[in-house]
Amino acid sequence: MTSISRLFNLNDSNWGRGSGSGNEPPRRPNDNNDGGRNNNNGGPPDLDELWRDFNRRLGALFGKRRGGGGLRGGGDGGRFPPSSPRRAGVGVGVVIAIVVALWLASGVYIVPEGQVAVVTQFGKYHETARPGIQWRLPYPIQSHDIVNQSQLRTIEVGFRNNSRSKVLQESLMLTDDENIVDIQFVVQYRLKENGARDYLFNNRGPDEAVKQAAETAMREVVGRKKMDFVLYEGRTEVASEVATLMQQIMDLYGTGVLISTVAIQNAQPPEQVQAAFDDAVKAGQDRERQINEGQAYANDVVPRASGAASRLLQEAEGYRQRVTENAEGDAARFRQVLDAYRKAPQVTRDRLYLETMQQIFSSTSKVLVDTRSGSNLLYLPLDKLMQQVSQESAAAARSSAAGAGHPSSSGGAAGSSLPQPLSGTPSSDANSLRDALRSRDRNAR
C-alpha cells in the first residue's frame, strides 16, 4: 500500500519527472518553445506528460504483479512491456470496474423500523420499500425518499405553542345564530398503511392541506350550531363531526392521511365582549337556579298535597260506604221488625217496650220501687250501683287532677276553685244508700 500511494501521489513534486532510482524511465526533455520555462527545475509538467506518466506507472504496477520481474524497462521476465498499450487498457478497465462497483454500491440503503421508502425511477413512482436493508438502481436512474409512516403528526389551528399565542384569522368563527366564537383546536393525524405514495406525489404540501381542511371543516360545523351549544355541551359532538368531515376531504384529495383525533383546546367568545358575555352567563345561571329551586319546592309540596287529597278521598269513600251500609242495615232491620209486627203486633209491641226500657235503665242510677204491690221481697241491684259509683268517683278524680295541672288564669293556686273529691268510699256510699231505702220501705208500710 505504501508503494501504491507513493506511485499515485499527485502532491509529490517529483511525480512524472523520475526519481533517479532506475525504477522509472527518465523524463523526456522538454522541447516546447517555452524558452526553457517548463524544465525539470521549473513549474508543473503539461497534461500530455502527466497522462503518459500515469499510464507508465499504472502499467508498471500491473506488470510487477503479473510478471514479478521488476519495473525496469528491459522487460526481463515481464509478460508485457511497460510501454505496451494493452497494459494501459487493462489498467483503465480495472479503474472503470472499480468505479462501476462503487456506483452500484451507492444504491444500497437502509429503511428504519416504522418507516417506508418510496422509490422513483426517472422521477416516476416505482415501488414502496419496507423496513430493512434495500437496494435500488443508483442515481440518476432511481432514487428514494424515506417517509415516517407511524409518526403521529400534530397541527395547531387558532394558536401556536400555547393558548395565549392566538391567531385570530384562524380562530374566529361565525355560528348559526350570528354570534362569533373563538375556537382553538388541535388535529392529530398519521399516514395510512399504503398512503406514503399519495402523501408525496398527490399534493404539493400535504401538511398545509391538512391544516386548511381542518379550518374549513371547523367553520362548516360551527356555522350549523348555536353559540351556547358550541361553547358548552356540544364540544365533543363538534369535534367528532369535524374529524369525520376532515377525513372525507382528505380522501377526496387523495392525500393518504388518516385523521386520528380532533381536540378543542379552548372555546370562548371574543375578548372584546367577554365581560358582557360573563354577565349574560351569570344571569342565565341565576335563572336556572331559581327554576331549580321552584321545581324542588313543587316536588316537595305537590306530592304532599296529592297524598292529602288521596287520603281525603279514601276517607270520604269509607264514610260513604259506612253510612250506606248502616242505612241499608237499619232498613233491613226495620223490614224484619215490620214483618214480625205484622205477624204478632202485641208481642212485638211489648218486646220493643222492654228493649227500650232496658236501654234506658242501663244508664241510670235511680231505683224505682212500686209500693202498691203486696210483695215483701225487694230486689236492689247493689252491684250495679256500686260499680256506677266507682266509675263516677274515678271520673271526678281525673277531672280534679287535670284542673290541678292547669290552674286558672284569674288568680293563683290558693284562690282558684277546684273541684273537691267525694268524701267517703264506695262501700260507705252503698251502705248509706241501703239504709235510706230500708227506712223508706218501713215508712211506706
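The structure displayed is predicted, hence computed values, not measured ones.

Visitor: I'm lost on the environment of Gly107 in this one. Help?
Guide: Structurally, Gly107 is set in the loop between α3 (85–105) and β1 (108–111). Gly107 gets classed as buried once you look at its relative accessible area, which sits at 0%. The sequence separation of Gly107 and Ile141 amounts to 34 residues, and the corresponding C-alpha distance is 10.0 Å. In this structure Gly107 touches Gln134, Trp135, Arg136 and Pro138, once residues within four positions along its chain are discounted.

Visitor: It is not clear to me how the confidence of the model for the chain should be interpreted in this structure. Could you clarify?
Guide: Atomic detail in the predicted coordinates should be set aside for any region of low pLDDT. Scored by pLDDT, the chain comes out at a mean of 75, with 69% of its residues at no less than 70. Across residues 1–11 the pLDDT falls below 50, and counting only partners more than four positions away or on other chains, this stretch makes 13 contacts in the model. The model gives residues 18–41 a pLDDT under 50, and that stretch makes 24 contacts with residues more than four places away or in other chains.

Visitor: How should I be thinking about the nonpolar core in this particular structure?
Guide: Across soluble globular proteins, nonpolar side chains show a tendency to be buried alongside one another. Grouped together as the largest cluster of nonpolar side chains are 38 residues, with contacts concentrated most on Ile183, Phe185, Met218, Met246, Ile259 and Val262. For this core, the elements supplying multiple residues, two or more each, are β2 (115–121), β6 (153–157), β10 (180–191), α5 (196–201), α6 (206–222), α7 (227–231), α8 (235–253) and β11 (257–268). Among the elements that take part in this core, α8 stands out by supplying 8 residues, more than any other. In this view, Phe185 contacts Ile155, Glu156, Val157, Phe159, Met173, Ala214, Glu215, Met218, Val262, Ala263, Ile264 and Gln265; residues no more than four positions away in its chain are not counted. If you look at the next biggest cluster of nonpolar residues, it comprises 5 residues, including Tyr109, Ala117, Val119 and Ala129.

Visitor: When you look at the sheet that holds strand β3 (residues 124–129) in this model, what are you seeing that I'm missing?
Guide: Hydrogen bonds along the backbone pair up the strands of a sheet, which may run parallel or antiparallel. Strands sit in the order β3-β2-β5 across an open sheet of 3 strands; the sheet is antiparallel. The open sheet has two edge strands, β3 and β5 (142–148), and neither has a second partner. Ignoring strand direction, the axes of neighbouring strands in this sheet form an average angle of 25°. As defined by bridge partners, β2 adjoins β5 across 7 bridges and the pair is classed as antiparallel. Its bridge partner lying in β5, Gln115 is registered against Asn148.

Visitor: Help me understand the pairing of β3 in this model?
Guide: Looking along a regular strand, one sees side chains alternate from face to face of the sheet. Where β2 lies against β3, 5 bridges are found, and the strand directions are antiparallel. Counterpart to Val118 in the pairing with β3 is Thr128.

Visitor: Is there a simple way to think about the packing of α6 against α8 in this case?
Guide: Packed helices, taken two at a time, are described by their axes: the angle between them and the distance between them. Contact geometry for α6 and α8: axes closest at 9 Å, N-to-C directions at 130°. Classified by the angle between their axes, α6 and α8 sit oblique to one another. Read as a crossing pair, α6 and α8 show a hand that is right-handed. Contacts between α6 and α8 involve Ala209, Val210, Ala213, Ala214, Ala217, Met218, Glu220 and Val221 from the former and Val238, Glu241, Val242, Leu245, Met246, Ile249 and Met250 from the latter.

Visitor: For this particular structure, what's the right way to read the packing of helix α9 (residues 274–343) against helix α10 (residues 345–361)?
Guide: Across the interface, α9 lies against α10 with an axial gap of 5 Å and an inter-helix angle of 130°. One finds that α9 runs oblique with respect to α10. Together, Val337, Ala340, Tyr341, Arg342 and Lys343 of α9 and Pro345, Thr348, Arg349 and Leu352 of α10 make up the contact between the two elements.

Visitor: Would you take a moment to explain the packing of aromatic side chains for this structure?
Guide: Each aromatic ring pair is summarised here by two numbers: the centre-to-centre distance and the angle between the ring planes. All chains considered together, the criterion is met by 1 aromatic pair. With a centroid separation of 6.4 Å and 65° between ring planes, the pair formed by Tyr125 and Phe201 is classed as edge-to-face. Of this pair, Tyr125 sits in strand β3 while Phe201 is found in helix α5, placing the two residues 76 residues apart along the sequence. Look at Tyr125 and you get partly exposed, because its relative accessible area is 26%. Across from the ring centre of Tyr199, 5.1 Å away, lies the NZ or CZ of Arg153, which sits over that ring.

What counts and how
Residues numbered from 1 in each chain as written. Predicted model: local features only at pLDDT ≥ 70, side-chain atom pairs only at ≥ 80, totals over all residues. Heavy atoms only, no water. Helix = DSSP H or I, 4+ residues; strand = E, 2+ residues; numbered from the N terminus. Buried < 20%, exposed > 50% of the residue type's maximum accessible area, 1.4 Å probe, protein only. Contact = heavy atoms within 4.5 Å. pLDDT = per-residue confidence, 0-100. Core = buried A, V, L, I, M, F, W, Y, C linked by side-chain atoms within 4.5 Å. Pairing = 2+ DSSP bridges. Axes fitted to C-alpha atoms, helices over the stretch in contact; angles between N-to-C directions. Parallel < 35°, antiparallel > 145°, perpendicular 65-115°, else oblique. Left-handed = near helix turned anticlockwise from the far one by under 90°. Phe/Tyr/Trp six-rings, centres within 6.5 Å; stacked < 30°, edge-to-face > 60°. Lys NZ or Arg CZ within 6 Å of the ring centre and 35° of its normal.

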